[in-house]
Amino acid sequence: MTRDWWKHLLLILGVIVVIAPFYMMVSYSFKSPGEIDRGEGGFFGRQELMVDERCVVRRDPSRADITAAAPRFPGQNDRDIRDALVAEAETDCSMRPVVFNYTMAFTEAPLLRYLMNGIIVTASIFLIQVVVALPAAYALAKLKFWGRDAVFALVLFCLLIPVHAIALPLYILLAKLGLTNTYAALVVPWTISVFGIFLMRQFFMTVPDDLIDAARMDGMSEFAIVWRVMLPTAIPALLAFAIFSIVAHWNDYFWPRIVVTGNRDLFTPPLGLREFKGGGDGSFFGPMMATATVIVTPLIVAFMLAQRRFIEGITLSGMK
Amino acid sequence: MSLADGVPHEAVVEKTVSHNVKERRAAWILTGPALILMVVILLAPILVASLLSFTNYSLGNSGFDWVGFRNYEKLFTRSTYAKMFVATLTYVVTVVPISVGLGLGAALLINSLGRFREVYKTIYFLPVMATLLAMAIAWEFMLHPSIGMINRTLEMGCGTFLERIWSFMANGCAGHFPVWLGDKRYAIWVISFIGIWQGFGFNMVLYLAGLTGVHRELYHAAEMDGARSAWERFRLVTWPALGPTTVFVVTISCIRAFQVFDTIEAFWPQGGGPNKSTYVMMFAIFEKGVQQNLIGIGSAITMVFLAFVMFLTLIQRWLVERKVHY
Amino acid sequence: MAGLSIKNINKRFGETEVLKGVSLDIADGEFVSLVGPSGCGKSTLLRIIAGLEEQTSGDVQIGGASVAGQRAADRNLSMVFQSYALYPHLSVGENIAVPLRMRRMNTLQRLPLLGGVMPGKTRRAEEIAKEVTHAAEILEIAHLLDRKPGQLSGGQRQRVALGRALVRDPAAFLLDEPLSNLDAKLRVQTRAEIAQLHRQLKATFVYVTHDQVEAMTMSDRIAVMMGGRILQCAAPETVYDDPDRIEVAEFIGSPKINLLPVELSETGQVHLLGEPLSLTTGRRTKAVGSLGLRPEALFLTDSNAPLRGQIVHTENLGSELFVQVEVNGLGSRITFRTTPDKRASLAQGATVGLDFDADKALIFDAIGARVRDTHSTTTSKTEVA
């Protein structure tokens with residue numbers, strides 16, 4: 001420990017740089033606009049009550065409101081009633097900055113909808129990837145058929161192609177099919193994971209043939225073998241692949257940016273955040289950082305809970 | 001079961017044949033969906049892009065003209081695209097070595113520690129997990145010229161000795177500190193920095209995995225053989241053992257670096273940064289092909305991009321098979 | 001070449017004490033085996049000698065000088081590792097050359113490209129190449145010099161590891177279970193070759209193994225270690241025939257020594273199952289103990305057999321026959337050795353009588369220490385009868 005002090009010093013410097021934007025993101029999501037502007041309030045901000053100006057403006061009393069409120073303020077003129085109403089609105093609209101920021105994050109834009117979309121898209125992508133890749137991987141690993149080597153060579157070749165790189169022709173194909181601005185557009189290009197096939201094939205190669213022969217002796221068809229014998233044995237590898245796939249697609253921004261234009265109902269979390277940024281003015285730093293925090297948190301929390309599996313999953317591609 | 005039981009020989013043959021046919025049919029049905037999708041989603045688009053790169057096609061137009069190599073010609077003559085290549089290569093050449101170096105350094109440091117290993121590992125891995133777009137926005141605030149944390153921190157150095165020994169500080173304190181994202185001198189380096197920030201934890205984890213594969217007795221052997229310094233042991237044992245990891249880490253870092261997009265689109269939705277200094281290829285494909293509907297030129301950039309990436313991966317495979325394979 | 005001296009070494013890993021005051025002197029040119037079950041501390045002791053591990057207390061001397069505080073690289077020792085620890089990226093020749101390059105070339109000369117232009121490099125490189133070839137010829141691996149370790153068989157790798165150890169002229173060779181990764185046949189062959197190498201080099205060898213056969217066949221002396229102590233260090237014959245402790249007697253020898261519970265009387269008479277044996281000891285106090293009999297100390301007899309029992313199992317090794325007998329009244333089995341031609345008369349379940357050679361009987365007391373001065377009292381016994 002004492003001899004290693006310089007190592008810790010270096011690593012802690014690194015930690016500061018790595019943590020800084022996370023710290024700032026979470027901290028700003030707690031603070032009032034004034035505190036952000038002046039750069040004060042420490043990590044949590046002072047959490048003084050603040051007035052949401054937009055809320056006050058929204059409740060600006062109309063003629064009718066004043067008339068309606070007149071009985072509550074007997075003997076006062078309209079002007080006083082109006083002032084009283086504004087004061088009331090200000091009290092109602094004042095809240096702690098943290099509450100303000102997170103409320104705004106969820107009300108200013110349909111953040112819940114975005115999160116739902118994120119879940120729908122990542123889950124569908126993963127499920128379809130498994131449904132397509134698992135049988136193919138099994139056939140490539142365990143069945144002998146003419147053309148197997150050619151198919152596997154094709155898989156190896158396709159591993160060279162990053163899907164982002166061919167985004168443009170894919171976009172044209174989808175546009176021609178009239179599929180842009182649909183869930184399908186978000187999911188379809190990712191339905192085939194050659195990496196998944198490759199990975200599962202390598203895994204299946206290690207499964208003893210005896211297990212499959214035993215299943216055949218029990219009268220199982222090849223399809224039953226895939227789902228009832230191979231799938232259960234592949235759970236650890238599949239879990240790692242799930243993490244790899246989900247992290248990649250939850251965080252993906254490029255592809256949704258291309259195929260979803262304008263239709264907010266289809267926005268994935270990163271797209272939603274992007275729009276928030278585009279539409280907001282300076283006073284929206286707090287809510288925006290709250291949105292960012294909400295979007296980043298699920299994966300980070302999951303990662304903290306199952307670090308080993310996550311690191312395994314993300315670095316899967318390093319396995320040979 | 002056996003022939004001795006009197007089962008006619010032909011029946012056995014017939015049975016195996018039918019079994020083979022069944023197995024073959026099953027195999028094709030099982031691989032069928034994957035095959036079709038591979039062709040439609042991965043191979044066809046390459047073909048489409050390569051064809052379209054010779055046209056002036058636009059979405060919505062009924063027809064198009066073949067323009068030969070004109071798109072490619074533009075790509076290699078116009079200054080915009082020169083800037084594109086410069087920005088992309090600057091980014092790749094900066095980010096790859098530094099993020100690989102930092103990843104290796106962090107892995108070696110962490111691996112040599114007895115305590116807190118997991119803590120460092122977890123923290124350094126956070127940026128890999130986090131949504132890059134969200135973090136880009138966080139960085140944008142950090143880099144804000146007046147209220148950003150970075151310039152505020154720099155301002156704290158004003159009036160100290162730093163001002164005297166570092167002209168950058170002196171200039172900053174006298175006038176103002178850089179408008180990081182708005183200055184073409186800084187923009188690409190800021191983007192590279194964020195790329196390194198995001199990626200080195202990934203490399204670190206791969207290196208840590210590689211280090212667990214180094215046999216401990218090799219270090220003892222090196223010690224017995226007279227390797228006195230940590231550097232000698234690194235040269236003799238660690239570095240060669242990490243050869244395959246390094247090849248992989250470099251390749252994957254390259255491919256990821258080529259694909260940089262999120263940060264640039266978040267910072268400069270239009271035009272690719274101050275004076276197009278961060279106009280990288282993925283952004284160019286997006287801007288030309290999708291936003292401006294210039295499919296031809298977008299496809300040409302796609303083809304060049306694919307060529308880069310595939311070339312890199314092929315080099316990697318070759319290296320893995322030839323050189324670092326013991 | 002030099003002798004080694006280990007003085008009162010203690011080693012703790014946290015709470016557990018791995019070595020408890022180990023002392024051992026190894027003469028120049030001697031071949032000493034450290035043998036014991038796994039976890040007895042033999043490898044730790046070797047690594048402390050090597051300098052790869054630091055002792056908690058005690059001293060190691062090489063050639064009479066203390067090496068306290070000296071690191072492994074400076075102790076001028078060679079070591080052969082269990083896993084061979086060959087550098088996988090270097091060819092066989094380069095592997096063997098490493099100790100020489102590390103010691104004779106400076107950092108600049110070793111640099112891959114720049115090194116070539118450094119003064120003195122070429123001459124040193126030639127010298128080294130010559131010595132590498134010489135070492136390779138001794139071990140008959142000269143034809144493998146250009147291969148990578150990955151392309152070699154286990155036995156060949158083992159030789160390369162030996163080559164790397166003997167290419168320089170170390171004060172002593174340390175070998176850490178070098179044969180344990182070889183198959184049985186190759187192990188027997190390599191055993192002989194290492195012994196031969198030792199004779200040829202006349203160097204000091206310290207050899208760690210858990211296999212008592214290796215220790216017995218190769219060593220000048222065997223140090224039997226158990227529980228962090230050296231129980232006995234002596235020539236193989238002595239350790240076998242005249243063990244100091246019951247643990248040593250049990251560890252050395254295959255099949256294992258037979259141990260029978262006996263009582264010692266005040267007169268020194270030894271009783272087995274309540275019956276007096278024709279054996280007395282020098283100890284004159286009443287006590288319980290064990291009688292140790294090697295399988296070859298027992299023989300079949302018809303009359304007056306002190307041990308009787310039923311044959312439960314026989315193992316025919318071709319040259320000899322080991323028979324397990326369930327002893328009446330004892331409830332345990334003992335094994336005796338005989339010749340295969342007796343097989344016909346040794347049917348399973350047959351009752352046999354066994355006697356033993358009193359000279360070869362080993363008596364241990366209740367805590368396992370050897371009780372010496374045993375005398376055969378055959379004559380007096382006959383008189384009593």
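It should be emphasised that the depicted structure is a prediction, and the values quoted were computed from it without experimental measurement.

Novice: Can you help me understand helix α5 (residues 154-166) of chain C in this one?
Specialist: Owing to its 3.6 residues per turn, the α-helix brings residues three or four apart onto one side. With 13 residues, α5 of chain C extends 19 Å from end C-alpha to end C-alpha; this agrees with the ideal 18 Å at 1.5 Å per step. What α5 of chain C keeps buried is the set Gly 155, Gln 158, Arg 159, Val 160, Ala 161, Leu 162, Gly 163, Arg 164, Ala 165 and Leu 166 of chain C. Taken together, the buried residues of α5 of chain C touch α10 (216-224) of chain B together with β6 (77-80), α2 (92-104), α4 (121-138), β7 (172-176) and α6 (184-201) of chain C.

Novice: Would you mind going over the sheet that holds strand β2 (residues 16-26) of chain C with me for this structure?
Specialist: Working definition: the strands of a sheet are paired by backbone hydrogen bonds and lie parallel or antiparallel to each other. All names here are of chain C. Read from one edge of the open sheet, four strands run β2-β1-β4-β5, paired in antiparallel fashion. Among the strands making up the open sheet, the edge pair consists of β2 and β5 (65-66). Sheet analysis places strand β1 (residues 4-13) next to β2, joined by eight bridges and oriented antiparallel. Counted as the bridge partner of Ser 5 is Asp 25 from β2. Relative to the sheet, helix α1 (residues 42-50) contacts β1, β2 and β4 (57-62), its axis offset from that of β1 by approximately 115°.

Novice: Would you mind going over the domain arrangement of chain A with me for this structure?
Specialist: Size of an interface, as often reported, equals the accessible area lost when the parts are brought together. What the domain assignment reports for chain A is domain 1 (5-108) and domain 2 (113-279). One C-alpha centre belongs to domain 1 of chain A, the other to domain 2 of chain A; they are set 43 Å apart.

Novice: In this structure, what is going on with the interface of chain C and chain B? I would like to understand it.
Specialist: Facing the 29 residues of chain C at the interface are 20 residues of chain B. For the chain C face of the interface with chain B, the top three residues by lost area are Tyr 87, His 89 and Met 102 of chain C, together amounting to 25%. Summed over the shared surface of chain C and chain B, the result is three salt bridges. Across the salt bridge formed by Arg 228 of chain B and Asp 74 of chain C, the nearest N and O atoms sit 2.5 Å from each other. In this assembly, chain C and chain B are joined by eleven residue pairs in polar contact (both at pLDDT 80 or more). Contributing elements (two or more residues each) for the side of chain C that touches chain B: α1, β6, α2 and α3 (107-110) of chain C. For the side of chain C that touches chain B, the element with the most residues is α2 of chain C, which contributes four residues. The class makeup of the residues in the side of chain C that touches chain B is 17 nonpolar, five polar and seven charged.

Novice: Looking at this model, I keep getting lost on the confidence of the model for chain B. Mind explaining?
Specialist: Regions with low pLDDT should not have their predicted coordinates read in detail. Residue and element names in this part refer to chain B. Taken as a whole, chain B shows an average pLDDT of 83; of its residues, 93% reach a score of 70 or greater. Mean pLDDT across the elements of chain B bottoms out in helix α7 (residues 162-165) (75) and peaks in helix α3 (residues 79-111) (91). Taken together, the stretch residues 1-8 has pLDDT below 50 and engages in four contacts with residues farther than four places along the chain or on a different chain. ipTM for the predicted complex: 0.83, alongside a pTM of 0.84.

Novice: For this particular structure, what's the right way to read the interface of chain A and chain B?
Specialist: Listed per partner, the contact involves 97 residues of chain A and 88 residues of chain B. Between chain A and chain B lies a buried interface of about 8,200 Å² when both sides are counted; carbon and sulfur atoms form 80% of it. The largest contributions to the chain A side of the interface with chain B come from Leu 11, Leu 160 and Leu 168 of chain A, which together make up 9% of the buried area. Our enumeration of links across chain A and chain B arrives at two salt bridges. Between Glu 265 of chain B and Arg 274 of chain A there is a salt bridge, and its shortest N-O distance comes to 2.9 Å. Between chain A and chain B we count 13 residue pairs in polar contact (both at pLDDT 80 or more) in total. With 18 residues, helix α1 (residues 5-30) of chain A is the single largest residue contributor to the side of chain A that touches chain B. Here the residues of the side of chain A that touches chain B sort into 73 nonpolar, eleven polar and 13 charged.

Novice: What exactly am I supposed to notice about the packing of aromatic side chains here?
Specialist: By convention here, two paired aromatic rings are described through the distance between centres and the angle between planes. All told, the structure shown has 34 aromatic pairs over all chains when counted by the stated rule. Both rings, one in Phe 285 of chain A and one in Phe 141 of chain B, keep their centres 3.9 Å apart while their planes meet at 40°; by these two values the pair is tilted. Separated into two different chains, Phe 285 of chain A in helix α17 (residues 285-305) and Phe 141 of chain B in helix α5 (residues 132-142) make up a pair that spans both. Cluster of aromatic residues (ring-pair linked, three or more members): Tyr 253 and Phe 254 of chain A together with Phe 261, Tyr 279, Phe 283 and Phe 286 of chain B. Its end group placed over the ring of Tyr 87 of chain C, Arg 164 of chain C keeps NZ or CZ at 5.1 Å from the ring centre. The lysine or arginine in question, Arg 294 of chain C, covers the ring of Tyr 240 of chain C, its NZ or CZ lying 4.0 Å from the ring centre.

Novice: How should I be thinking about the sheet that holds strand β17 (residues 321-327) of chain C in this particular structure?
Specialist: Residues and elements named next belong to chain C. Sheet architecture is open: five strands sit in the order β15-β19-β16-β17-β18, paired in antiparallel fashion. Edge strands, defined here as strands with exactly one partner in the open sheet, are β15 (298-301) and β18 (333-338). Recorded for the sheet is a direction-independent mean angle of 50° between the axes of neighbouring strands. Relative to strand β19 (residues 351-356), strand β16 (residues 307-316) runs antiparallel, the two being bridged by four bridges. Bridged to Gly 309 within β19 is Val 352.

Novice: Even after reading the chapter, I still don't get the arrangement of the chains, so can you show me in this structure?
Specialist: Across the two pairs of chains in contact, the largest number of contacts is found between chains A and B. For the non-touching pair chain A and chain C, the nearest C-alpha separation works out to 16 Å.

Novice: Even after reading the chapter, I still don't get a nonpolar patch on the surface, so can you show me in this structure?
Specialist: Residues and elements named next belong to chain A. On the surface, Trp 5, Trp 6, Leu 9, Leu 10, Ile 12, Leu 13 and Ile 16 cluster together into a nonpolar patch covering about 750 Å² of accessible area. When you line up the elements, Leu 10 lands in helix α1. Exposure remark for Leu 10: the relative accessible area of 45% places this residue in the partly exposed category.

Conventions adopted
Residue numbers here run from 1 along each chain, matching the order of that chain's written sequence. By the order in which they are written, chains take letters starting at A while ligands take numbers starting at 1. Totals for whole chains, interfaces and linings use every residue, but because this is a predicted model, local features are given only for residues with pLDDT of at least 70 and side-chain atom pairs only at 80 or more, for both listing and counting. Only hydrogens and water are set aside; all other atoms, that is, all heavy atoms of the structure, feed into the side-chain values. Where helices and strands are cited, they refer to DSSP runs of H or I of at least four residues and of E of at least two residues respectively, numbered from the N terminus. Expected span of a helix: the number of residues minus one, times 1.5 Å. Each residue is placed in one exposure class: buried if its accessible area under a 1.4 Å probe, protein chains only, is under 20% of its type's maximum, exposed if it is over 50%, and partly exposed if it falls in between. Contacts were defined at the residue level, with two residues in contact if any of their heavy atoms lie within 4.5 Å. Two strands qualify as a pair provided DSSP detects at least 2 bridges between them. Angular values range over 0 to 180 degrees, each being the angle between N-to-C directions of two axes fitted as lines to C-alpha atoms, with helices fitted over their stretch in contact. Start and end points for every domain follow an automatic or database-based domain assignment. Put simply, buried area is how much 1.4 Å-probe accessible surface two parts lose in total, over both of them, once they are put together. Any Lys or Arg side-chain nitrogen found within 4 Å of a carboxyl oxygen on Asp or Glu counts as a salt bridge. Polar contacts, as used here, are pairs of N or O atoms within 3.5 Å; protein pairs need one atom able to donate a hydrogen and one able to accept it. Residues neighboring in sequence count only if both atoms are side-chain atoms. Residue polarity is assigned by list, with Asp, Glu, Lys and Arg as charged and Ala, Val, Leu, Ile, Met, Phe, Trp, Tyr, Cys and Pro as nonpolar; anything else, Gly included, falls into the polar class. A residue's pLDDT is the predictor's confidence in that residue, given on a scale from 0 to 100. Stacked, edge-to-face and tilted labels apply to pairs of Phe, Tyr and Trp rings (six-membered ring for Trp) whose centres lie within 6.5 Å, assigned for plane angles under 30 degrees, over 60, and everything in between, in that order. Here, a charge over a ring means that NZ of Lys or CZ of Arg falls within 6 Å of the ring centre while also lying within 35 degrees of the ring normal. Patches here are clusters of residues that have more than 30% relative accessible area and form no salt bridge, with a 9 Å joining cutoff for like charges and a 5 Å cutoff for nonpolar side chains (Val, Leu, Ile, Met, Phe, Trp, Tyr). In this description, accessible areas are obtained by the Shrake-Rupley approach with a 1.4 Å probe, and a residue is regarded as covered only by the protein chains that are shown.

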